[in-house]
Every structure is written in structure tokens, then in C-alpha cells.
Amino acid sequence: QGLKPLVPTESPGPDAIFGTSKPGLPATDTFLGTNKVPDLQKVFQRSDGLPVHLKRGYPDRMLYRTTMALTIGGTFYCLVALYIASQPKTK
Amino acid sequence: MAHQAHSYHMVDPSPWPILGASAALLTTSGLTMWFHFHSPYLLIMGLTSTALVMLQWWRDVVRESTFQGHHTPTVQKGLRYGMVLFITSEAFFFLGFFWAFFHSSLAPTPELGGQWPPVGIKPLNPMEVPLLNTAILLASGVTVTWAHHSITEARRKQAIFALTLTVLLGFYFTALQAMEYYEAPFSIADGVYGSTFFVATGFHGLHVIIGSTFLSVCLLRLIKYHFTSNHHFGFEAAAWYWHFVDVVWLFLYIAIYWWGS
């Protein structure tokens, strides 16, 4: 394809999957919920400087901190356990 | 806001790679602690953190693509290469276990009674549940292709129906295989027959579960309008993986269940 200057990123757009019988109708399909992708696109494209893994704010931070705590804590536990396991058995 | 002069995706700094590596450390050392010292805590921490990292990393990929638009055709091409290479590596993984099976079964040793199946082993009848499982996976290959066509034709209800059927068929296979495992007259400890049978079919079953999970996530995303009729690579990747799982089963069925009985 070659590099083009200022290539626009492909916008997912409102071209979502429409109803079964008449493709081409506007996105007013309500089968199993309405299309909330445009709203989410606005949320995730806000210029707030947040990285994508924290973009939603509080719930992202909590999940990240839980994962971090479990992983870092676990790594320390692992090093301790391996140290203990490496001690010769003194009977 | 500055714009990039290229069509590649420069990702935001992310903690998931290093935390994923740590989770792998916890899982492997946890296995050691469980095997040798009967302590499951480290393993539980490892599996939990692995699941959390996978959840958040893939969640972020969905955010970057569907919500932020970073998956240009160039990026998608790279993802396609990546998935193809990954599936190829999995094919080599299974090749090893098929090698082990043929090594032992083509020239059965005197310890096995010089025959295959070995003396004392009553193999499963390939014309019973295993044949049904073959039909289930073949049918699921049809339904996933039907789902793909429905997506490209922008037929929402049909796509959801076909993909739901695919997922259900996958669960049906897993349930039947679990029952077969429970009812089998031989175990993994029954010599090289048991080892080759359960390790090969066991890893296959794990891949069925992984593939079913991948397809379930795609079903959820399909319902939530994430896919468009000409951009749905996540679904295509899941479908490729599912076809691969199906092909591995066909080889397993013919070699281990049928020829090996």
C-alpha cells in the first residue's frame, strides 16, 4: 500500500450490523439492545491524557490495583517460597 | 493534537505485558509448590492473576480498535499474520503429541504384548460418542461459516443465531468428552496408551474450551454492535482458531480413536 501522509485512522463508524430483512435501514435496531458504540467512542477518545487501560476512571483503577497487588504480592510470596524450598531438609 | 504520519498503531504504555510475565511465574512456581509441598495458594494466585491480565489486556485491544479506531488496514494485516503464526505454532505443538503416539503404536514393545492397543486395554468404540463428537465439530464449522456470511451481509439476527449455535455445539462437545473421560475403562496411568490418549485428547479439549471462550466473547461483541460488515477481524480470528480445533480433532479421531483401536 505504501505510507501516505496523515493517513486517517479507519473509523469504525455507524455502519453496524442492521436488522435481518432490510440491510440499509438506519441503526434503530433494538434486538438485544441498542447500539452504544458511538457513545463509547466518545468516551474513549476524550483528550484527558489517560492511557487506554485507565480510560474509564474508577473501575479501571480498581481492577488495575487489584491485579497489581495480587501479582506483586504473589511475586514476593513466590521468592520466599522458593527460598524456603531451596533449603536442605535438616532432619 | 498531533497526527501520526503513518498507519501503524503506537500503543499507550501498558502494565499488562510485565504483569502477565509475573503471572506466568506465579503459575509455574505455584505448580511446583502444589506438586511437591501440597500447597495450592501460589497456584491459585497465579491462575487468578493470569485471568485478570488476559481480561484487561484483551479488553484494552477492544477499546483501542472499536472505540479508538487504531486498527487501520495495515494494523489488521499485522494481526492476521500474528494469528496465522500463532495457529501454526499450535499445529507444531500437536504434531509432537501425534509423533509420540505413532512412535509407541507403530512398533508396540513386548511390554505392551507386542500389539496395539496394548494387552489389557479396552479402547473406546470409535463409532459411538467419538463419532457423534466428530459430527458436532463438523456441524459447528458449518455454523461458524454461516455466522461469518451473516456478518458480511449485515444480517444481525441471523449472525447472532448462527454464532450462538456454534458456541452451544462447542459446549456440547466438551460435555460429551467430559462424560467419556469419566466413563472410560482406562486412565492416564495405564501405560503409554493412557498417556498418549489423555495427553493428546486432553490438550485438544483444552483448545476446544479456549476456542469456545473466544467465540463466546465474539458473540457478546456481536450483540453489542462492535463488528461491522467489513471489519470484524476478532471474529475471523476466532473462526480460524475454531476450524483449527476441528481439524486437530479429525486427525485425533482417525489416528487415535479409529486406527488405534
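Owing to the predicted nature of the structure, the values given are computational and were not obtained by experimental measurement.

(A) Inspection of the environment of Leu70 of chain A at higher detail. Tracing the sequence through the fold places Leu70 of chain A in helix α2 (residues 58–85). Relative accessible area serves as the criterion here: at 22%, Leu70 of chain A is assigned to the partly exposed category. Excluding residues within four positions of it along the chain, Leu70 of chain A makes contact with Leu26, Met45, Thr48, Ser49 and Leu52 of chain B.

(B) Region of the structure containing the domain arrangement of chain B. Residues and elements named next belong to chain B. Under the domain assignment, chain B is made up of domain 1 (12–70) and domain 2 (72–258). For domain 1 versus domain 2, the separation of C-alpha centres amounts to 24 Å. The interface is formed by five residues belonging to domain 1 together with four residues belonging to domain 2. Summing both partners gives a buried area of about 350 Å² for domain 1 against domain 2, and 56% of it is carried by carbon and sulfur. Ranking the residues of domain 1 by area buried against domain 2 places Val62, Thr66 and His70 at the top, with a combined share of 79%. For the pair domain 1 and domain 2, the number of links is zero salt bridges. The residue inventory of the side of domain 1 that touches domain 2, partitioned by class, reads two nonpolar, three polar and no charged.

(C) Main features of the pattern of salt bridges. Following the criterion strictly, the structure yields six salt bridges over all chains and no others. Of the charged contacts in the structure, one is a salt bridge between Lys55 of chain A and Asp48 of chain A, with a shortest N-O distance of 2.8 Å. Note on Lys55 of chain A: relative accessible area 6%, which makes it buried. The salt bridge involving Asp60 of chain A is made with Arg63 of chain B; its shortest N-O contact spans 2.7 Å. A residue pair is termed interchain when its members come from two chains, as with Asp60 of chain A in helix α2 and Arg63 of chain B in helix α2 (residues 41–67). On the basis of relative accessible area, Asp60 of chain A is assigned to the buried category, the value being 3%. Look at Arg63 of chain B and you get buried, because its relative accessible area is 5%. If you follow the salt bridges from partner to partner, you end up with Asp60 of chain A together with Arg59, Asp60 and Arg63 of chain B in one network.

(D) Region of the structure containing unusual backbone geometry. Residues and elements named next belong to chain B. Of note, the bond from Trp116 into Pro117 is cis; its omega dihedral lies within 30 degrees of zero at 0°. Looking at where Pro117 falls in the secondary structure, it is placed in the loop between α3 (73–106) and α4 (129–152). One non-glycine residue with positive phi stands out, namely Ala154, at about 60°. With respect to the element layout, Ala154 can be found in the loop between α4 and α5 (156–183). Residue classification places Ala154 among the buried residues on the basis of a relative accessible area of 10%.

(E) Representation of the UniProt feature "transmembrane region" (unreviewed entry) in chain B within the structure. Residues and elements named next belong to chain B. Under the present numbering, the feature "transmembrane region" (unreviewed entry) in UniProt falls on residues 16–35, 41–58, 79–102, 129–147, 159–177, 197–220 and 240–260. Across residues 16–35, the secondary structure splits into 100% helix and 0% strand, with the terminal C-alpha atoms separated by 28 Å. Split by type, residues 129–147 is 100% helix and 0% strand. Its first and last C-alpha atoms lie 26 Å apart.

(F) Representation of the interface of chain B and chain A in the model. Each partner contributes to the interface: chain B provides 60 residues, whereas chain A provides 50 residues. A combined buried area of about 4600 Å² lies between chain B and chain A, and 67% of that area is made up of carbon and sulfur atoms. When residues of chain B are sorted by the area they lose upon contact with chain A, Arg63, Phe67 and Tyr225 of chain B head the list and together hold 16% of the total. Our count for the chain B to chain A interface comes out at two salt bridges. At the junction of chain B with chain A, the criterion picks out 11 residue pairs in polar contact (both at pLDDT 80 or more). Mapped by element, the contributors of at least two residues to the side of chain B that touches chain A are α1 (16–37), α2, α3, α5 and α6 (191–223) of chain B. Per element, the largest residue contribution to the side of chain B that touches chain A is 15 residues, and it comes from α2 of chain B.

(G) Highlighting α2 of chain A. The terminal C-alpha atoms of α2 of chain A lie 40 Å apart, and with 28 residues this matches the ideal 40 Å at 1.5 Å per residue to within 8%. Along α2 of chain A, the positions that sit buried rather than exposed are Asp60, Thr67, Thr71, Gly74, Thr75, Cys78 and Ala81 of chain A. On its buried side, α2 of chain A packs onto α1 and α2 of chain B.

(H) Looking closely at a nonpolar patch on the surface. All names here are of chain B. On the surface, Met127, Leu131, Ile254 and Trp258 cluster together to form a nonpolar patch covering roughly 410 Å² of accessible area. Topologically, Met127 is positioned in the loop between α3 and α4. Overall, the relative accessible area of 45% leaves Met127 in the partly exposed class.

Here is what the cut-offs are and how they apply
Residues numbered from 1 in each chain as written. Chains lettered and ligands numbered in written order. Predicted model: local features only at pLDDT ≥ 70, side-chain atom pairs only at ≥ 80, totals over all residues. Heavy atoms only, no water. Helix = DSSP H or I, 4+ residues; strand = E, 2+ residues; numbered from the N terminus. Buried < 20%, exposed > 50% of the residue type's maximum accessible area, 1.4 Å probe, protein only. Contact = heavy atoms within 4.5 Å. Domains from an automatic or database assignment. Buried area = accessible area lost by both parts, 1.4 Å probe. Salt bridge = Lys/Arg side-chain N within 4 Å of Asp/Glu carboxyl O. Nonpolar A, V, L, I, M, F, W, Y, C, P; charged D, E, K, R; others polar. UniProt positions renumbered as here; feature names shortened; annotations may be inferred. Polar contact = N/O pair within 3.5 Å; in protein donor to acceptor, adjacent residues only side chain to side chain. Expected span 1.5 Å × (residues − 1). Patch = residues over 30% accessible without salt bridge, like charges linked within 9 Å, V, L, I, M, F, W, Y side chains within 5 Å. Areas by Shrake-Rupley, 256 points an atom, 1.4 Å probe, with all protein chains shown as cover.

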